[in-house]
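# Coordinate inspection notes
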Amino acid sequence: MKAFLRIFVCLAAAVFIVSCQRPVSPRITTGGPEIVEFRALPFDLTDVRLLDGRFLEAVNLNEKILLNYEPDRFLSWFRREAGLEPRAEAYGGWENSTLAGHSLGHYLSACAMMYIATGNKAFLERAKYIVDELEIVQNAHGNGYIGAMENGRRILEEEVAKGDIRATGFDLNGLWAPFYTHHKVLAGLRDAYKLLGIEKAKVIALGFADWIYGIVGHLTYEQRQSMLRCEYGGINEVLADLYGISGNEKYLNLSRLFHDNFVLDSLALGYDVLPGKHANTNIPKVTGLARRFELTGNTQEQSTSEFFWNRVVNYHSYVTGGNGLREYFGPPGQLRNRLEANTAESCNVYNMLKLSGHLFSWHGEAKYADFYERALFNHILAAQHPKDGRVIYHLSLDMGGRKVYQNPFGFTCCVGSGMESWAKRNGSIYFHNNEELFVSQFIASELNWREKNVMVRQETKFPEEQGTTLIFSCVEPVSLTLQVRYPHWAQNGMEVRVNGRKQRVREQPGSFVAISRTWSDGDRVEVNFPFSLRLEAMPDDENRIAVFYGPVVMAGDLGPEDDTAFFNDFLYVPVFIATDRNPDNWMEPVEGELNTFKTKGLGYPRDITLKPFYQTHERRYSIFWDLFTPENWQIRYAKLMKEQEERKLLEQRTIDFFQPGDREDEAYHNVEDESSNPYRFRDGPSRVATGGWFAFDLKVNPENQNVIAVEYWRGGFRRPRIFEILVNGVKIADEDITPPIENRYFIPQYEIPLNLTRGQDKVRVKFLSHERRMIGPVFGVRSVVKE
């Protein structure tokens, strides 16, 4: 027994010693204001330059757009509000509203980044000019303020600062999200200082932050939380950065005052309170927490950021990496019926990529880089027009959708974030610590790691190429571990060769492959990961699927974007009918077209050609498909045929048809309304009302029983859609179309009492909303003779 115990103790000691000798992931401190240790720090933008390829082309398109803007027009409202004569006419779009100024902040950040990315001195000169002008504006105010929104200073000083707070989601005392705009301006000044070394920008930013402290610093907790009901962007992040820049804890404390307790404290406790929340209001708040963790070491802010990222990525995001319908989160894991033109706001993706960069730097885990790749190629790249650089606000994931590009002079939030997004694409490719170099993204680029005196050139056409090549240049040999991402989608393996010699890859997809050696000038690493076709299903419907080829989601070409068949053909988007779920068995490459496939005998009523979503422009498309077995399709087809027959019979019995949202038809039917407006949905006309009503004439048959048939959408809505239908002032129905059923139109019928039509050839129909509720959209109204 004693001998056994001695052996056991020795073995236990040996295991303990071996476990203690296992390699520990290297960590690094920044030497700056950050007090936490990082696994993988990003390189400065100055250390990486893009090489020829799609990303450099995209940056060049952005360069043209940015140089076409006039700084004095961005500055016009700033000068006017300071009592100074504007030097140029103000821009229109969102810049001609109380959100004025947000675009200047984006533009200043973009100029700083673009100077580094391109070396074009015009961007440096524009950044310096803007900072000089903001100094003039700040001096004219005399108290640190530099806002552009009309009456913004007066309202914030005379109302909000005194506790008179009237806030809704996007409105604070009549101003459109003022602290959202102030965040953009402060962020532009921060970037001008940190990236370009313009000292004056720091002074102006700190002065402006002092003014903000004077507005909110003395408010009670209740007053502040009421104020924070209004979107405030990521102002907590930039204020934390000002603390890091200045070392003055005043700005850290100010950052903490911008803390929406309901959302952020709930997330801290592990509660997903995102359903029904405006997505881009909340993502920047969490990025602010992530930045504060780096500066303070507050582990609750770290864990909250990680929980939020996990919920958004794994429960609220589409296959493209985008999230949100009509800018809002829905129920977790329920995405099947959230497919429309207004999905996936680009600002959301921009901010999720920022947050992912923070989390990757903490842990160096491939899951963050994998998501970054998914969103970068399948949303950010897919949302820029390859010929003129225009970007997209909502990237439509509708089945049969099309891409709608923004007017660069409309100055929406996504035009603003697009300025920056395509100015910093040389970032987030490489990360490092003292001993490791991470290749996070496969983008043609060149890294200059100055501290190691080594350069790495990445030559690739990925994802047109199924791999990448890394070439080392160094004066002296350097010892380090090269960490190359092994993508989660590379299920057919990953091959690595160093100077032609094949390396053994022990790691699994969704990790990094470590290559430790002393690197010499000319060393060459060739990486190949063969692409394969795979399906990704909706979390709440395994038979609504998207097709991927390697990292890219594939879009099926449905025809020209102005194809009118989209409105009339109930099988405009074909269904897939297969006996198995292996796309290799029912897709074949299209000869002569890279990364392009065609279904073979699968699509009904026709087969479809699919190519990468980011290469799909000015066409109607679908990336989601309904997959049936032959047996299930027979059942579904019979139901569809019955519905089509019912629609035909309805049309045959129609007395009169009213098309809401069509100007001529609305005039013909004598439309009157209050708090109502035309609305386009899935490229079709309709009418909606918010707390109001609309009324119109409708012909009827005076001798027969009449019904009203109204066409709605079954996809569900965030805001309640509860209303009454009246005929000649008499209520004939109560309706609630809020709950989602499925992504299809439906046509309920409402019987008109005979006494309302007897002896009449027309009636007055009125849709009346319940208080603070919405009507519609209403797509069509028919008067029909009852069967």
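Residues numbered from 1 in each chain as written. Predicted model: local features only at pLDDT ≥ 70, side-chain atom pairs only at ≥ 80, totals over all residues. Heavy atoms only, no water.

### Some words on the overall build of the protein chain
The helix and strand tally for the protein chain stands at 22 helices and 35 strands. The C-alpha atoms of the protein chain give a radius of gyration of 29 Å, which matches the 28 Å a tight globule of 787 residues would have. For the protein chain, the spread of C-alpha atoms along the principal axes amounts to about 100 × 70 × 65 Å. Looking at the protein chain as a whole, 58% of its 787 residues are labelled buried. Of all intrachain contacts in the protein chain linking residues separated by at least 6 positions in sequence, the fraction that spans at least 24 positions is 72%. Total accessible area on the protein chain is roughly 32000 Å²; 48% of this is exposed by carbon and sulfur atoms. Side chains of the protein chain give 91 positive and 102 negative charges; the mean places of these two sets differ by 3 Å. (Helix = DSSP H or I, 4+ residues; strand = E, 2+ residues; numbered from the N terminus. Rg over C-alpha atoms; globule rule 2.2 N^0.38 Å. Buried < 20%, exposed > 50% of the residue type's maximum accessible area, 1.4 Å probe, protein only. Contact = heavy atoms within 4.5 Å. Areas by Shrake-Rupley, 256 points an atom, 1.4 Å probe, with all protein chains shown as cover. Lys, Arg positive; Asp, Glu negative; His and termini not counted. Charge placed at Lys NZ, Arg CZ, Asp CG, Glu CD.)

### A word on the packing of aromatic side chains
On inspection of all chains with the given rule, the structure shows 58 aromatic pairs. Considering the side-chain rings of Phe55 and Trp422, the 5.9 Å spacing of their centres and the 40° angle between planes classify their relative orientation as tilted. Placement of the pair is Phe55 in helix 2 (residues 54-67) and Trp422 in the loop between helix 18 (413-421) and strand 5 (430-432), with a sequence separation of 367 residues. Per residue, the accessibility class of Phe55 equals that of Trp422, and both read buried. For the pair Phe472 and Trp519, a centre-to-centre distance of 4.3 Å together with 10° between the ring planes defines the contact as stacked. (Phe/Tyr/Trp six-rings, centres within 6.5 Å; stacked < 30°, edge-to-face > 60°.)

### Some details on a positive patch on the surface
Together, Arg718, Arg719, Arg772 and Arg773 make up a positively charged patch on the protein surface. Among the structural elements, Arg718 can be located in the loop between strand 28 (706-713) and strand 29 (722-727). Arg718 sits in the partly exposed class, given a relative accessible area of 39%. (Patch = residues over 30% accessible without salt bridge, like charges linked within 9 Å, V, L, I, M, F, W, Y side chains within 5 Å. Salt bridge = Lys/Arg side-chain N within 4 Å of Asp/Glu carboxyl O.)

### Things to note about unusual backbone geometry
For residues other than glycine, phi is negative in most cases, and the peptide bonds are mostly trans. Cis geometry is found at the peptide bond from Tyr604 to Pro605, where omega equals 10°. Within the secondary structure, Pro605 is located in the loop between strand 21 (603-604) and strand 22 (609-612). Unlike most non-glycine residues, Ala177 shows phi in positive territory, near 40°. Checked against the element boundaries, Ala177 lands in the loop between strand 4 (175-176) and helix 8 (178-196). Residues other than glycine seldom take positive phi values, yet Asn728 does so here, at roughly 50°. Within the secondary structure layout, Asn728 lies in the loop between strand 29 and strand 30 (730-736). On the accessibility criterion, Asn728 (39% relative accessible area) is partly exposed.

### With respect to the confidence of the model for the protein chain
For the protein chain, the mean per-residue pLDDT works out to 93, and 96% of the residues sit at or above 70. Taken together, the stretch residues 1-23 has pLDDT below 50 and engages in 0 contacts with residues farther than four places along the chain or on a different chain. (pLDDT = per-residue confidence, 0-100.)

### Observations regarding the sheet that holds strand 5
In space, the 5 strands of this open sheet follow the order 1-5-6-10-13, with mixed pairing throughout. With partners counted over all chains shown, the strands left at the sheet margins are strand 1 (41-42) and strand 13 (511-519), one partner each. Pairing of strand 6 (residues 436-439) with strand 10 (residues 478-486), which is carried by 4 bridges, proceeds in the parallel orientation. Within strand 10, the position partnered with Glu436 by the bridge is Thr481. (Pairing = 2+ DSSP bridges.)

### Observations regarding the pairing of strand 27 (residues 684-699)
The buried count for strand 27 comes to 12 of 16 residues, which makes it a mostly enclosed element. Direction of pairing for strand 26 (residues 672-681) relative to strand 27: antiparallel, over a ladder of 9 bridges. Within strand 27, the position partnered with Asn677 by the bridge is Val688. As consecutive antiparallel partners, strand 26 and strand 27 are separated by 2 residues, and within that stretch Arg682 has a phi angle of approximately 50°, a positive value. Pairing analysis gives 3 bridges linking strand 27 to strand 34 (residues 774-778), with the strands arranged antiparallel. Bridging from a neighbouring strand, Arg687 pairs with Val778 of strand 34. When strand 27 meets strand 33 (residues 762-769), the two strands line up antiparallel, connected through 7 bridges. Residue Trp693 lies in a different strand from strand 33, and its bridge partner there is Leu768.

### A look at helix 2
A rise of 1.5 Å per residue sets the reference length of helix 2, with its 14 residues, at 20 Å; its end C-alpha atoms lie 20 Å apart and thus fit the reference within 8%. Taken as a whole, helix 2 has its buried residues at Phe55, Ala58, Val59, Leu61, Asn62, Glu63, Ile65 and Leu66. Where helix 2 is buried, its residues touch strand 2 (48-50), helix 5 (102-118), helix 6 (121-141), helix 17 (366-380) and helix 18. (Expected span 1.5 Å × (residues − 1).)

### Thoughts on the sheet that holds strand 11 (residues 495-498)
Strands sit in the order 2-7-8-9-14-11-12 across an open sheet of 7 strands; the sheet is antiparallel. Single-partner strands in this sheet number two, and they are strand 2 and strand 12 (501-503). Here the strands of the sheet are splayed against their neighbours by 20° on average, with no regard to which way each runs. As paired strands, strand 9 (residues 467-474) and strand 14 (residues 524-528) are joined by 5 bridges and run antiparallel to one another. Bridge pairing in strand 14 places Thr468 opposite Val527. (Axes fitted to C-alpha atoms, helices over the stretch in contact; angles between N-to-C directions.)

### What to know about the nonpolar core
Nonpolar side chains in soluble globular proteins tend to be buried together. Counting residues in hydrophobic clusters, the biggest one holds 211 residues, and the most contacted among them are Phe179 and Phe258. Apart from residues no more than four positions distant in its own chain, Phe258 is found in contact with Phe179, Ile212, Val216, Met227, Leu228, Tyr232, Ile235, Asn236 and Leu239. Counting residues in each nonpolar core, the second largest holds 29 residues, with Ile725, Ile732, Ile775 and Val781 among its members. (Core = buried A, V, L, I, M, F, W, Y, C linked by side-chain atoms within 4.5 Å.)

### Quick notes on the packing of helix 16 (residues 346-363) against helix 18
Between helix 16 and helix 18, whose axes approach to 8 Å, the crossing angle comes to 40°. Crossing hand, helix 16 versus helix 18: left-handed. Where helix 16 abuts helix 18, its residues Ser346, Cys347 and Tyr350 lie against Cys413, Cys414, Ser417, Glu420 and Ser421. (Left-handed = near helix turned anticlockwise from the far one by under 90°.)

### Description of the packing of helix 11 (residues 235-246) against helix 14 (residues 279-296)
Where helix 11 contacts helix 14, the axes come no closer than 7 Å and their chain directions differ by 20°. The angle between the axes of helix 11 and helix 14 places the two elements in the roughly parallel class. At the point where helix 11 passes helix 14, the crossing takes the left-handed sense. Contact with helix 11, carried on its side by Asn236, Glu237, Ala240, Asp241, Tyr243 and Gly244, involves Pro284, Lys285, Thr287, Gly288, Leu289, Arg291, Arg292 and Leu295 of helix 14 and no other residues of that element. (Parallel < 35°, antiparallel > 145°, perpendicular 65-115°, else oblique.)

### Considerations on the pattern of salt bridges
Per the counting criterion, the structure on display carries 49 salt bridges. Between Arg291 and Asp241 there is a salt bridge whose closest N-O contact spans 2.7 Å. With Arg291 in helix 14 and Asp241 in helix 11, this residue pair connects regions lying 50 residues apart in the sequence. On the basis of relative accessible area, Arg291 is assigned to the buried category, the value being 6%. Judged by relative accessible area, Asp241 falls into the buried class, the value being 6%. Each member of the salt-bridge network shares a partner with another, and the members are Glu34, Arg190, Asp191, Glu237, Asp241, Arg291, Glu294 and Lys354.

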